[in-house]
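Chain by chain, the residues run as shown.
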Amino acid sequence: MTIRKSLDGNAIGLMLLLCLCWGLQQVAVKMAAHAISSTLQLGLRSGIAAVLVLALISLRKIPFTLTGPHLRPGLLAGLLFAGEFLAVSYGLNFTTASHMSVFLYTAPIFTVLALHWLIPAERLQARQWLGILMAFGGVAIAFSGAFGNNPRAMHDMLIGDSFGILAALLWASTTVVIRKSSLSEAEPTTTLFYQLAGAAVALTAIAFAQGDNVLAAWDQAAWISMLFQSVVVAFASYLAWFWLMRRYLASRLSAFSFLTPLFGVAAGVVLMNDVVSPRFAIGALMVLSGIVLVNFRKN
């Protein structure tokens, strides 16, 4: 059994880069939304990335098989992964993107709670629990500017927000399945392939069933978006994430996920001329402070 350690400088730097990529993901989806539905985008990018993973496995001769002890947890992880993005896609039809960001990124809370009870090495102390709460509070404050009057009916908003919570639960469940099954010791490429293949099959099938047209006219923005989503996000960043999960404590890594929506809003400011309120700056400070508390270690 591999002994996982607390985060060091290399892990922190890589997690910051991953959070930046994941934050840009929302902007990338919006760039291509006029040509490709969000469900079809997520299905296609997963399929392309799955092919890239297989190419990497073949090139580096990495041990890989679709049978054996990894099959059942791999299929489960793939279904949960697909369900998470399907919930996000549906939820955005009813609620705002800011609401979805807040509710989706409650996933680390659910992950920490589950791992705290299931895995002794993942237990958090009072100081670290305070950091988690502070970070989540920072996310809520950063996005609270969007929680004012909304023209949508309350009923629709509650439906969308519920999909956000469901997506967070599915995300946390995926992490727990990986940590509590043979996938925790599997090659990162194996774990990633199961998730990507599951998402590609499920989401693409659902998109086609809904009548989405993959042959729609793609412009330059759509091609750039899909290239970024497929190669950078779904392939490179997820592969790096699973590599980190094999070496470092999952609860510490999950805490950094709070930075992703903040990076997403920052990308919106630079690329879409969004306005940042003082609440965002306060929330960002709380998130960073919370992460320091979560990862603080006594000498």
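What this report covers is the structure whose coordinates are included nearby. All figures in this text were calculated on a predicted structure; none of them were measured in a lab.

What counts as what
- Residues numbered from 1 in each chain as written.
- Predicted model: local features only at pLDDT ≥ 70, side-chain atom pairs only at ≥ 80, totals over all residues.
- Heavy atoms only, no water.
- Core = buried A, V, L, I, M, F, W, Y, C linked by side-chain atoms within 4.5 Å.
- Buried < 20%, exposed > 50% of the residue type's maximum accessible area, 1.4 Å probe, protein only.
- Helix = DSSP H or I, 4+ residues; strand = E, 2+ residues; numbered from the N terminus.
- Contact = heavy atoms within 4.5 Å.
- Expected span 1.5 Å × (residues − 1).
- Phe/Tyr/Trp six-rings, centres within 6.5 Å; stacked < 30°, edge-to-face > 60°.
- Lys NZ or Arg CZ within 6 Å of the ring centre and 35° of its normal.

**A closer look at the nonpolar core**
1) Next: In this structure, M15, L196, Y238, W241 and L253 are the most contacted members of the largest nonpolar core, which totals 49 residues.
2) Next: Mapped by element, the contributors of at least two residues to this core are α1 (9-32), α2 (38-60), α3 (71-91), α8 (188-209), α9 (220-245), α11 (259-272) and α12 (278-295).
3) Next: Take this core: its biggest share by element is 11 residues, from α9.
4) Next: For Y238, the residues in contact, after removing those within four places along its chain, are W22, R45, F81, F85, L192, L196 and V233.
5) Next: V88, A167, A168 and W171 belong to the second largest nonpolar core, which has nine residues in total.

**Things to note about the environment of A135**
1) Next: Counting through the fold element by element, A135 comes out in helix α6 (residues 126-143).
2) Next: Taking C-alpha positions, A135 is 7.2 Å from S289, a pair spaced 154 residues apart along the chain.

**Quick word on helix α5 (residues 107-118)**
1) Next: Its 12 residues give α5 an end-to-end C-alpha distance of 16 Å, which sits within 8% of 16 Å, the value for a rise of 1.5 Å per residue.
2) Next: Within α5 the residues assigned to the buried category are A107, P108, I109, T111, V112, L115 and H116.

**Quick notes on the packing of aromatic side chains**
1) Next: One pass over the structure, following the stated rule, counts seven aromatic pairs.
2) Next: Between F81 and F85, the ring centres sit 5.0 Å apart and the planes meet at 80°, which makes this aromatic pair edge-to-face. Residue F81 and its partner F85 are located together in helix α3, separated by four residues, close to a single helical turn. Side by side, F81 and F85 carry an identical accessibility label, which is buried.
3) Next: An angle of 85° between the planes, with centres 5.6 Å apart, marks the rings of F81 and Y238 as edge-to-face. One end of the pair, F81, is in helix α3; the other, Y238, is in helix α9, with 157 residues separating them in the sequence.
4) Next: Owing to a relative accessible area of 6%, F81 belongs among the buried residues under this scheme.
5) Next: An aromatic cluster of three or more residues is present, and its members are W22, F81, F85, Y238 and W241.
6) Next: The ring of F85 has R45 lying over it, and the distance from NZ or CZ to the ring centre is 4.9 Å.

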